[in-house]
Amino acid sequence: MSLINLTLRIWRQSGPEAQGAFHTYESGPISTSMSFLEMLDVLNERLILSGEEAVAFDHDCREGICGMCGSVVNGKPHGPEQKTTLCQLHMRHFKDGDTLVIEPFRSRAFKLVKDLIVDRSAFDAIIAEGGYVSVNTGGTPDANTIPIPNPTAEQALDAAECIGCGACVAACPNASAMLFVGAKVSHLSLLPQGQPERNQRALAMVKKMDKLGFGNCGNEKRCEKACPKGISISNIARLNREFMKAVLFSNEK
Amino acid sequence: MSWFLSVFQSSIGKKYIMALSGACLSFFLMAHLAGNTFSFLGKEAYNSYAAHLHSLGGFIHVLEACLALVFLAHILTAILLFIDNLSARPTRYAVSATDRSWSASTMPYTGALILIFLVVHLLNFHFASKMISTADQVKTVLGNPPLGFFYLVALSGLTLHISHGFWSLFQSFGANHPQYNRFLQRGGLSMAVILGALFMLIPLLALTTDGFLQ
Ligand code: HEM
Ligand code: FES
């Protein structure tokens, strides 16, 4: 195990309306086996002991599956490693003496709550518009009663990998949520169970996305690069098709 | 009508407008280049191409009007998108990404350069007095160093714009498949470079070769 010392420039803001600023901290010796969030835990314990307020950051599972964590480290959401959430990012990827600038996700649709925490309930609002399938209750159906070709199931599962962390919005130069919405629409619209609400889903989710103040996709692919789950922009292309098909060929308004 | 408006006020509707108008402009660009390659064949060939174009009469005016509408749609939608995208992130990052794509990140700026170029270009040729032959007009305008260099700079901007745009419009239309993604990306880039290089050859020749279009 080796130890590294880092300089941390962290965005501190006591509340949504408060004036924020960067504060600089010395990390002290950090084990390279720690995760990024553990490094912040170490800093916070020291801050608490010295009577300062701990740095607020979001986290839950710390195993890369819940989508709660995420900050922008040196200009990259979830830090420099590809396909890695911040909680799964290990300190061995940094060098002794590095300076890390840690900022919250920035978007008009994600209001800042405190320090590094932003309110991502805009994503929940989009899901509520169509990110579901309606299923009648009844006896449990047998497995495999509905045939789904394997490549289709794979595509749907790839899209379903999205953990809704918001890194796509944070990475997009236009703060667009198209990768998230593309993943959710793809995931359900590829599967037989998603067919009845297919057109309504595409229309309603896009409408909500626009209303919440996300930006417009410019096909720059920053989202795909930042996504900790490697969601492909082919899902955005599918979203574009789903939306136009619904507009031109369905009875939904 | 309200249905139409609501579709094209949506983010994806605007994307389709950009892609559709971008595709039309790309077709225009290819046709315009094809016409202008007659300049490489000499003064006679070029003037005869110009004469044929003008002999189309009313039809050419209809095409011009359509082209103006397409330009207007592309530019107005681009401005709406640019403003909305700026306000979608009210607080900027202190550290911004350094590995952004050159062509994609400069779309609004190369677009603005093309707009300035468009005005200059129309003043140079469309609204110019038609006292001398088209070939002489080209030679005079592009052989004038400040203007010739401006054309070169603007055409580099155009090349950058379409090097992203050619691929981007397919993605906007929803055409994305592992079967042809590489073809679209490489094909789009190659087309942009070939188109840009051939266009730039015209001011380059006018600036450097005395015998060009003589
Ligand atoms: C006249 C001035 C022009 C301006 C202000 C302009 C502006 C823009 C902007 C801002 C975008 C990016 C839109 C986005 O973020 O989705 C764009 C895309 C594009 N432009 Fe232009 N542009 C101009 C001229 C042209 C010309 C002459 C061509 C034709 C060769 C062209 C072809 C394209 C294409 C193909 C796209 C991609 C569309 C897409 O992403 O779906 N543009 N333009
Ligand atoms: S804390 Fe759950 S994904 Fe990082």
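Keep in mind the model is a prediction, meaning the values are calculated, not measured. (Residues numbered from 1 in each chain as written. Chains lettered and ligands numbered in written order. Predicted model: local features only at pLDDT ≥ 70, side-chain atom pairs only at ≥ 80, totals over all residues. Heavy atoms only, no water.)

### Some thoughts on the sheet that holds strand 1 (residues 3–12) of chain A
Residues and elements named next belong to chain A.
Here's step 1: Taken in spatial order, the 5 strands line up as 2-1-5-3-4 in an open sheet, and their pairing is mixed. For this open sheet the edge positions go to strand 2 (21–31) and strand 4 (76–77), each flanked by a neighbour on one side alone.
Here's step 2: One ladder, built from 2 bridges, connects strand 3 (residues 72–73) with strand 4; its direction is antiparallel. Among the inter-strand pairings, V72 is bridged to a residue of strand 4, identified as P77.
Here's step 3: Packing of helix 1 (residues 36–49) onto the sheet brings it into contact with strand 1, strand 2, strand 3 and strand 5 (99–103), and relative to strand 2 it is tilted by some 105 degrees. (Pairing = 2+ DSSP bridges. Helix = DSSP H or I, 4+ residues; strand = E, 2+ residues; numbered from the N terminus. Contact = heavy atoms within 4.5 Å. Axes fitted to C-alpha atoms, helices over the stretch in contact; angles between N-to-C directions.)

### Some remarks on the coordination of the iron atom of ligand 1
Residues and elements named next belong to chain B.
Here's step 1: Taken together, the protein donors to the iron atom of ligand 1 comprise H74 (NE2) and H161 (NE2), at separations of 2.0 to 2.1 Å.
Here's step 2: Coordination at the iron atom of ligand 1 is octahedral: its 6 donor atoms span angles of 86 to 180 degrees at the metal. Note that H74 is positioned in helix 4 (residues 58–87) and H161 in helix 8 (residues 145–173), a separation of 87 residues in sequence. Summarising the burial analysis for this pair, H74 and H161 share the class buried. (Donors = N, O, S within 2.8 Å, 3.2 Å for Na, K, Ca; no water. Tetrahedral: all angles 85-135°; square planar, octahedral: opposite > 155°, others 65-115°. Buried < 20%, exposed > 50% of the residue type's maximum accessible area, 1.4 Å probe, protein only.)

### Observations regarding the packing of aromatic side chains
All names here are of chain B.
Here's step 1: For the coordinates displayed, the defined rule picks out 12 aromatic pairs over all chains.
Here's step 2: Judged by centre distance (5.4 Å) and plane angle (10 degrees), the ring pair of F38 and Y49 falls under stacked. One end of the pair, F38, is in the loop between helix 2 (11–36) and helix 3 (43–54); the other, Y49, is in helix 3, and 11 residues separate them in sequence. (Phe/Tyr/Trp six-rings, centres within 6.5 Å; stacked < 30°, edge-to-face > 60°.)

### Quick word on the interface of chain A and chain B
Here's step 1: In this assembly, 45 residues from chain A lie in contact with 37 residues from chain B.
Here's step 2: When the two sides are added together, the surface that chain A and chain B hide from each other amounts to roughly 3300 Å², 52% of it contributed by carbon and sulfur.
Here's step 3: Area buried by chain A at its contact with chain B is led by R108, N216 and N219 of chain A, which between them contribute 20% of it.
Here's step 4: Between chain A and chain B we count 4 salt bridges in total. (Buried area = accessible area lost by both parts, 1.4 Å probe. Salt bridge = Lys/Arg side-chain N within 4 Å of Asp/Glu carboxyl O.)

### Thoughts on the site of ligand 1
Here's step 1: Close contacts around ligand 1 come from 24 residues, with L25, H74, H161, S168 and S172 of chain B the closest.
Here's step 2: More than one chain reaches ligand 1: the nearby residues come from chains A and B.
Here's step 3: H74 of chain B places a polar side-chain atom, nitrogen or oxygen, 2.8 Å from a nitrogen atom of ligand 1.
Here's step 4: Within the side chain of S172 of chain B, one N or O atom sits 2.7 Å away from an oxygen atom of ligand 1.
Here's step 5: Those elements that provide at least two residues to the shell around ligand 1 are helix 2, helix 4, helix 6 (107–126) and helix 8 of chain B.
Here's step 6: Across the shell around ligand 1, the residue classes break down as 14 nonpolar, 10 polar and no charged. (Near = heavy atom within 4 Å. Polar contact = N/O pair within 3.5 Å; in protein donor to acceptor, adjacent residues only side chain to side chain. Nonpolar A, V, L, I, M, F, W, Y, C, P; charged D, E, K, R; others polar.)

### Quick look at the domain arrangement of chain A
Residues and elements named next belong to chain A.
Here's step 1: By the assigned domains, chain A splits into domain 1 (3–114) and domain 2 (120–249).
Here's step 2: The interface is formed by 20 residues belonging to domain 1 together with 21 residues belonging to domain 2.
Here's step 3: Across the domain 1/domain 2 interface, buried area totals approximately 1500 Å², and carbon plus sulfur atoms make up 60% of it.
Here's step 4: Scanning the region where domain 1 abuts domain 2 turns up 1 salt bridge.
Here's step 5: Between R120 and D58 there is a salt bridge, with the nearest N and O atoms lying 3.2 Å from each other.
Here's step 6: Where domain 1 meets domain 2, there are 5 residue pairs in polar contact (both at pLDDT 80 or more).
Here's step 7: Its residues assigned to classes, the side of domain 1 that touches domain 2 shows 9 nonpolar, 7 polar and 4 charged. (Domains from an automatic or database assignment.)

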